[in-house]
Amino acid sequence: MAHEESAEVIVAILMKDCEGPNHKTKESVPVFSRKGLGDQTNTPLGGHRGNGDAGSEPVPCEAASPISVNDGTRALTMNLMERVCEPSNLNRAYKCVKGNKGAPGIDGMTVETALDWLKKHKERLIQSLLDGSYQPSPVRGVDIPKPNGGTRELGIPTVVDRIVQQAILQILGPIFEPTFSPYSYGFRPGRGGKDAVTQARKFVAEGKEFVVDMDLEKFFDRVNHDILMSRLARRIADKRLLRIVRRFLQAGIMKDGVVMEREKGTPQGGPLSPLLSNILLTDLDEELTRRGHSFCRYADDCNIYVGSQAAAERILASMTRWLSEKLHLQVNAKKSAAAPTFTRKFLGFRLTSGGRIQIATESRERLRKKLTELTKRRTPRNIEVIAKSLTPVLRGWGNYFRIAEGRSFFREIDQWLRRRLRAIRLHQCKRTYARAKFLMGLGVPPAASWKLAKSGKGMWRLSCSPPAHQGMTTQWFERIGLFSLETLG
């Protein structure tokens, strides 16, 4: 009970700060405030003993105030750390980290338990950021499986490190966002994978039906720190901020209790990683634009659209050399190709002749596999619980792939899933009488109900029989909470 009340107070505190100076409350005091900052000590906050929480991506937050920065002009960024340490910015960062609900870092503590630490050490934290002495802790290394096989290394920072990264992101984001290419879609506000696919469709519709599909080999593990920091320094003059960002890049990674130093790479898992990847790959965008190529990039996934196979092969070879020489990045020869667009997939989709968007075969198979795992026949759960557990998966998948044409697959999945659930429900009726009673309760005539109940056929065959369809109709599935992909329109 006390924990729930504390959480409500925290939300009220953070909302108060984000709602602006005109919003007043008598009982709320922000976690970070100007009161007491004059009592800061000069004790560096190195290797803090706070708590950790992180996810693969930062949660969306309120947009920070935009900053106007002209190319070659760095005077406006001399005192960015003061903006990072503004109470309103830190409170917003804490709210974002708390809402992300990620796993703990190496210290094992969560965002909720870190609140007490922040209250006790906020002055030291802010002072260490302002004087440049802040030292990040090593990240916790976790290997997560990739959809197409293999693993990806995820680095989970401690909660204090993540709050600091989020606070820095909220200041750096508006500075660098205007400099990014309009054909860059990954990890940017108001943009996403569907936008990249829609733009790619336009290129294909124009007759550019061959694609240079470039896959950067272990991109996040091979980012060159010196090159990345030089790109940051082009626009950021605050050396304290640059120093702390480099420390985040060089922070070790702990796996199996051993901390390994890192000389290159920026592990996925912290709020800053997506922004830093876009900053580095802006050079790639500018080079492609300079050469006049039609391209779409989503993080390290870049497709270039051309009108012939010969042009695609030539550009792939040329850009492979350029990436190696200029950014020290390697193109994965096995996963990259110069080929007709309909033979390659882009962000889960496939583009066919004339610019038609279709769902890639791999995406369909992945959905079936996921739904199969959630609807195992011997799972001891109520059918309503099973149906409702499918809703987040179906709704999220459907909303993403609804831009595809020829959506007969949506209807196919709905029918297949209803049949699986019918088989599960019939299997849950262990005895003949229970099965007949269940069907009669749904309005199936007694003769038909008893015929199905006494049948020796398997549940999968019976799930497609007329009595099963007559009792467990589409409307019945709607009543128990099953989401239908066809309703997306």
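Residues numbered from 1 in each chain as written. Predicted model: local features only at pLDDT ≥ 70, side-chain atom pairs only at ≥ 80, totals over all residues. Heavy atoms only, no water.

**Observations concerning the overall build of the protein chain**
Within the protein chain one finds 19 helices and 10 strands. In the protein chain, which comprises 489 residues, the share counted as buried stands at 49%. Long-range pairs, those at least 24 residues apart, make up 77% of the contacts in the protein chain with a sequence separation of at least 6. For the protein chain, the computed accessible surface area is about 23600 Å², with 51% contributed by carbon and sulfur atoms. (Helix = DSSP H or I, 4+ residues; strand = E, 2+ residues; numbered from the N terminus. Buried < 20%, exposed > 50% of the residue type's maximum accessible area, 1.4 Å probe, protein only. Contact = heavy atoms within 4.5 Å. Areas by Shrake-Rupley, 256 points an atom, 1.4 Å probe, with all protein chains shown as cover.)

**With respect to unusual backbone geometry**
For Phe187, which is not glycine, the phi dihedral falls at a positive 55°. Following the sequence through the fold, Phe187 ends up in the loop between helix H5 (159-176) and helix H6 (193-205). One non-glycine residue, Ala299, lies in the positive phi region at around 55°. In this structure, Ala299 sits in the loop between strand E6 (294-298) and strand E7 (301-306). By relative accessible area, which is 5% here, Ala299 ends up buried.

**Quick word on the packing of helix H10 (residues 272-290) against helix H11 (residues 309-327)**
Viewed as axis vectors pointing N to C, H10 and H11 meet at an angle of 140°, and their least axial separation amounts to 11 Å. Overall, the two elements H10 and H11 adopt an arrangement that is oblique. As for the relative orientation of H10 and H11, their crossing is right-handed in sense. Note on element contacts: H11 touches H10 through Met319, Trp322, Leu323 and Leu327, opposite Leu280, Leu281, Asp283, Leu284, Glu287 and Leu288. Of the residues assigned to the contact of H10 with H11, the class counts are 8 nonpolar, no polar and 2 charged. (Axes fitted to C-alpha atoms, helices over the stretch in contact; angles between N-to-C directions. Parallel < 35°, antiparallel > 145°, perpendicular 65-115°, else oblique. Left-handed = near helix turned anticlockwise from the far one by under 90°. Nonpolar A, V, L, I, M, F, W, Y, C, P; charged D, E, K, R; others polar.)

**Some points on the sheet that holds strand E1 (residues 139-145)**
Read from one edge to the other, the open sheet built from 4 strands follows the order E2-E1-E4-E5, with strand pairing classed as mixed. A strand with exactly one partner marks an edge of an open sheet, and here the two such strands are strand E2 (151-156) and strand E5 (258-260). Across this sheet, the average inter-strand angle for adjacent strands is 40°, counted without regard to direction. (Pairing = 2+ DSSP bridges.)

**Structural notes on helix H9 (residues 239-250)**
Here H9 spans 16 Å end to end across 12 residues, near enough to the 16 Å set by a 1.5 Å rise per residue. When H9 is considered as a whole, its buried residues turn out to be Arg240, Leu241, Leu242, Ile244, Val245, Phe248 and Leu249. Elements that come into contact with the buried residues of H9 comprise helix H2 (80-84), helix H4 (111-130), H5, helix H8 (225-233) and H10. (Expected span 1.5 Å × (residues − 1).)

That's the geometry; what it means functionally is another story.
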